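# Notes for the structure review
Below are the chains, spelled out letter by letter.
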Amino acid sequence: MDSGTAPIPARGLLRFLTCGSVDDGKSTLIGRLLHDAGLVPDDQLVQARRDSRGRTGEENGIDVSLLVDGLEAEREQGITIDVAHRFFATDRRSFIVADAPGHEQYTRNMATAASTAALAVLLVDARKGLLTQTRRHAVVCSLMGIRHVVLAVNKMDLAGCDEAVHTAIAQAFADFAAPLSFATVTAIPLSARRGDNVVHRSAAIGWYRGPTLLEHLETAAVEDGDASAGPLRLLVEWVNRPSPDLVSDFRGLSGTLLSGRLEPGDAVTVWPSGRSARVARIVAFDGDRPLAQAGDAVTVTLEEAVDAARGDLLAGPDEEPEVADQFAAHLLWMAEEPLVPGRSYLLRAGARWMPATVTALRHTVNVETLEHTAATTLGMNAIGLCNLSTAAPLAFDAYAASRRTGSFILVDRFSNRTVGAGMIRHPLRRAANLHRQELAVSAEERAAAKRQRPAVLWFTGLSGAGKSTVANRLERRLHALGHHTMMLDGDNVRLGLNRDLGFTDADRVENIRRVGEVAKLMTEAGLIVLCAFIAPFRAEREVLRALFPEGRFLEVFVDAPLEECMRRDPKGLYAKARSGILRNFTGIDSPYERPEAPDLRLDTTAEDADALAAQVIADLRARGILGA
């Protein structure tokens, strides 16, 4: 592979990915690179020639894309679906290449590959120029921290090897990518099918005087510097406590040192708690070590008994990470179901899991123009800047400073599917100076004076099921018994506190969130709070439950079939919804998710409201919520 250039020093490992729109030739390019560089084992070549029969139009031809596309569906359809990783090495450098799919529906796979890459080879079909997916992949690469891009203008043979075509595409991309944070963009004209400018220089593209693709990859200076010289960061992945009969007092914090150096005797701080300690030992698989550097997987023991858990972050005393429960982040949405601001998701950052909510969607990014556009939700493959709130403080760095400590994923609480990938920009300081005020009189003391325990009874069910009717009868009976209550009804709240909200999914979520916070304040006053709201989404009802101590929130399912509710139609809403006058109406064109395990189920088709109210009172007495 002598390129005719002077020898250069060998460089370290380069992780790169190929990306771009579908059918731009990504798999073919990687296959051609491996084939022409002599890096394909003989048995794979034989199999690839056998599999290529009838595909190339040549008797002994080889479809080099088959050297990469390994899934049966990929070979049948001629596309890449999953990310394919290949390791290879030349005399100058070793590589791990990720072949990312080009279809829009597989953008999440491409983003996953980009999250660990240092360089991107972005392919463009010379006949088509920049496409929407080309631009989308460029934006994702930028968000994922890739700073070096090769613009591979492929299929030049089908564009007549015209220099003007290449120049126009290179200039169009330079104009588009100017606002993005790329340090270098190198445009290379090539033909992956014929091998022009991939490994060997092409006579057909003689006007090009730059490096071939392999030459550029071998010499690209993409090193981020010595990670060991960076701030100390060790993510705790496991609290190592062997069986007492092995080592009775051993307690270590296991994880990989992401950056910095660590020695016994060094001072460290455990975040987010902020507690300090000194390192007693550094233990690896082969015994104690005098030093740990970036990339080492070790177990650290501390001299002081400091409470540290899986997901915590060890840092140097003068190298504090950010610690906040609210922050701004770019979010790539990966699910078919759109983002619902206000809905609770599970956030995973490193090894730590916690509930999180997107509190505001500040804007979306138009991948065609890079303009920022106002929006209320994110659809699949959309990118937006969001504010997020977590259930507990999180220790992190900005993603621009550290991919590992500045990234997270969002997971749907019920399907357990990953729905979003986030890159943290900065903490939000709005709550930094807020501290909960301890009150002189507790909720329990207020409730004891009322001969009751504070509680929220959340009546959920379809419109017309009888929620407000049963809740009103129940409150009248509780009042007659001398108990202190407050009734919150869906329509009444929307006439005041929530009059600014509509009936979209996002507005419904926010409606329930606000009511939950109001109900929580009322329980602090020692009241029994009756809430009559449809609350159609199971996730939001679970979020409500999490607001309260165990036993203080009761989900009461007021059950009636949709057909019966439509027959009753006390407010005429079903008739309006079925005629199309009323949009987003639960049960008609907006879903209702039935409770799976309610604390109480009331069948309004079997018993009247008075009997059901008596049933609830009996249950409250059995739970000790009502006093004698």
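Provided above is the structure to which this section pertains.
As a starting point, this report considers the structure included with it. The structure presented is a predicted model; accordingly, all values stated were derived computationally and were not measured. (Residues numbered from 1 in each chain as written. Predicted model: local features only at pLDDT ≥ 70, side-chain atom pairs only at ≥ 80, totals over all residues. Heavy atoms only, no water.)

## Overview of helix H15 (residues 609-622)
Here H15 spans 20 Å end to end across 14 residues, near enough to the 20 Å set by a 1.5 Å rise per residue. Among the residues of H15, Ala609, Leu612, Ala613, Val616, Ile617, Asp619 and Leu620 are the ones counted as buried. The arc enclosing the buried residues of H15, seen along the axis, measures out at 160°, which places them on a common side. Those residues of H15 that are buried lie in contact with strand S24 (455-460), helix H9 (467-480), strand S27 (553-559) and strand S28 (600-603). Directly after H15, the chain includes glycine 624, whose backbone phi takes a positive value near 80°. (Helix = DSSP H or I, 4+ residues; strand = E, 2+ residues; numbered from the N terminus. Expected span 1.5 Å × (residues − 1). Buried < 20%, exposed > 50% of the residue type's maximum accessible area, 1.4 Å probe, protein only. Arc of directions from axis to C-beta. Contact = heavy atoms within 4.5 Å.)

## Points about the packing of helix H4 (residues 107-114) against helix H5 (residues 132-143)
Between H4 and H5, the shortest axis-to-axis distance is 10 Å and the interhelical angle comes to 35°. Here H4 and H5 pass one another in a crossing that is right-handed. When H4 is examined against H5, the residues Thr107, Met110 and Ala111 are found in contact with a partner set consisting of Gln133, Arg136, His137, Val140 and Cys141. Class assignment for the residues of the contact of H4 with H5 results in four nonpolar, three polar and one charged. (Axes fitted to C-alpha atoms, helices over the stretch in contact; angles between N-to-C directions. Left-handed = near helix turned anticlockwise from the far one by under 90°. Nonpolar A, V, L, I, M, F, W, Y, C, P; charged D, E, K, R; others polar.)

## Section: the side chain of arginine 136
Relative to the assigned elements, arginine 136 resides in helix H5. Among the polar contacts made by the side chain of arginine 136, one reaches the side chain of glutamine 133 at a distance of 2.6 Å. When neighbours within four sequence positions are excluded, arginine 136 is seen to be in contact with Glu104, Thr107, Val367 and Asn381. (Polar contact = N/O pair within 3.5 Å; in protein donor to acceptor, adjacent residues only side chain to side chain.)

## Some details on the pattern of salt bridges
Pairs can form between side chains of opposite charge once their charged atoms are near each other. Counted by the stated rule, this structure contains 32 salt bridges. In this structure, glutamate 368 and arginine 135 form a salt bridge, with 3.1 Å as the shortest nitrogen-oxygen distance. Here arginine 135 lies in helix H5 and glutamate 368 lies in the loop between strand S19 (352-365) and strand S20 (372-373), a separation of 233 residues in the sequence. The class of glutamate 368 is partly exposed, set by a relative accessible area of 32%. Each of the salt bridges in this network shares a partner with another, and the network as a whole consists of Asp500, Glu510, Arg513 and Arg514. (Salt bridge = Lys/Arg side-chain N within 4 Å of Asp/Glu carboxyl O.)

## With respect to empty space enclosed by the protein
Applying the stated rule across the entire model yields four cavities of 30 Å³ or more. For the largest cavity, the calculated volume is near 110 Å³. Ranked by the residues each element gives to the lining of the largest cavity, the list is headed by strand S21 (residues 383-396), at three residues. Among the residues forming the lining of the largest cavity, the class breakdown is nine nonpolar, five polar and three charged. (1 Å grid on protein atoms, 1.4 Å probe; cavity = no way out; pocket = protein on both sides within 12 Å on 5 of 7 lines; lining within 4 Å. Points joined across faces, edges and corners; volume = space filled by probe spheres on them.)

## Notes on the pairing of S19
Here six bridges tie strand S18 (residues 344-349) to S19, and the two strands are oriented antiparallel to one another. What sits directly across from leucine 347, in S19, is methionine 354. The turn joining S18 and S19, which pair antiparallel and follow one another in sequence, is formed by two residues; a positive phi near 65° is taken by glycine 350. Pairing geometry for S19 and S20, over two bridges, is antiparallel. Across the sheet, the residue bridging to valine 365 is histidine 372, located in S20. As consecutive antiparallel partners, S19 and S20 are separated by six residues, and within that stretch leucine 370 has a phi angle of approximately 65°, a positive value. (Pairing = 2+ DSSP bridges.)

## A few points about the sheet that holds strand S25 (residues 485-489)
Judged by pairing direction, the sheet is parallel, and its five strands sit side by side in the order S25-S26-S24-S27-S28 without closing on themselves. Two strands close off the open sheet at either side, each with one partner strand: S25 and S28. Ignoring strand direction, the axes of neighbouring strands in this sheet form an average angle of 20°. For S25 and strand S26 (residues 528-532), the ladder comprises five bridges, and the chain directions are parallel. Residue pairing across strands places leucine 488 opposite cysteine 531, the latter belonging to S26. With respect to the sheet, helix H12 (residues 538-546) is in contact with S24 and S27, its orientation differing from that of S27 by roughly 150°.

## Topic: the nonpolar core
Core analysis: the largest hydrophobic core is formed by 78 residues, its most contacted members being Phe16, Leu17, Leu119, Val121, Phe173, Leu213 and Leu217. Looking at this core element by element, the count peaks at six residues for strand S4 (residues 119-125). In this structure phenylalanine 173 touches Leu122, Leu130, Ala138, Val149, Leu151, Phe182 and Val185, once residues within four positions along its chain are discounted. (Core = buried A, V, L, I, M, F, W, Y, C linked by side-chain atoms within 4.5 Å.)

## Section: the layout of surface pockets
Taken as a whole, the second largest pocket holds about 1500 Å³ of empty space. Contributing to the lining of the second largest pocket are 42 residues, with Ser389, Arg436, Glu517, Lys520 and Leu547 lying nearest its centre. Put simply, the parts of the chain that give the lining of the second largest pocket at least two residues each are strand S17 (322-333), S19, S21, helix H11 (505-524) and H12. A total of eight residues in the lining of the second largest pocket trace back to one element, the largest contributor, which is H11.

## What to know about the environment of aspartate 619
The topology assignment puts aspartate 619 in helix H15. Along the chain, aspartate 619 and leucine 600 lie 19 residues apart, while their C-alpha atoms are 8.5 Å from each other. Polar side-chain contacts of aspartate 619 include one of 2.5 Å to the side chain of arginine 623.

## Thoughts on H9
Spanning 14 residues, H9 covers 20 Å between terminal C-alpha atoms, matching the ideal 20 Å at 1.5 Å per step. Regarding H9, the residues found buried are Lys467, Val470, Ala471, Leu474, Glu475 and Leu478. Each buried residue of H9 lies within a common arc of 135° when the element is viewed along its axis, so the set occupies one face. For H9, exposure combined with an orientation more than 90 degrees from the buried face picks out Arg476, His479 and Ala480. Looking at the buried side of H9, the elements it contacts are S24, S25, S26, S27, S28 and H15. Where H9 terminates, the next one or two residues include glycine 482, which has phi positive at roughly 90°.

## Here we look at the packing of H9 against H15
As a packed pair, H9 and H15 sit with axes 9 Å apart at the nearest point and diverge in direction by 60°. In terms of their interaxial angle, H9 and H15 are classed as oblique. Once H9 is placed against H15, the crossing between them reads as right-handed. Facing Thr469, Val470, Arg473, Leu474, Arg477 and Leu478 of H9, the residues of H15 in contact are Ala609, Asp610, Leu612, Ala613, Ala614, Val616 and Ile617. Across the contact of H9 with H15, the residue classes break down as nine nonpolar, one polar and three charged. (Parallel < 35°, antiparallel > 145°, perpendicular 65-115°, else oblique.)

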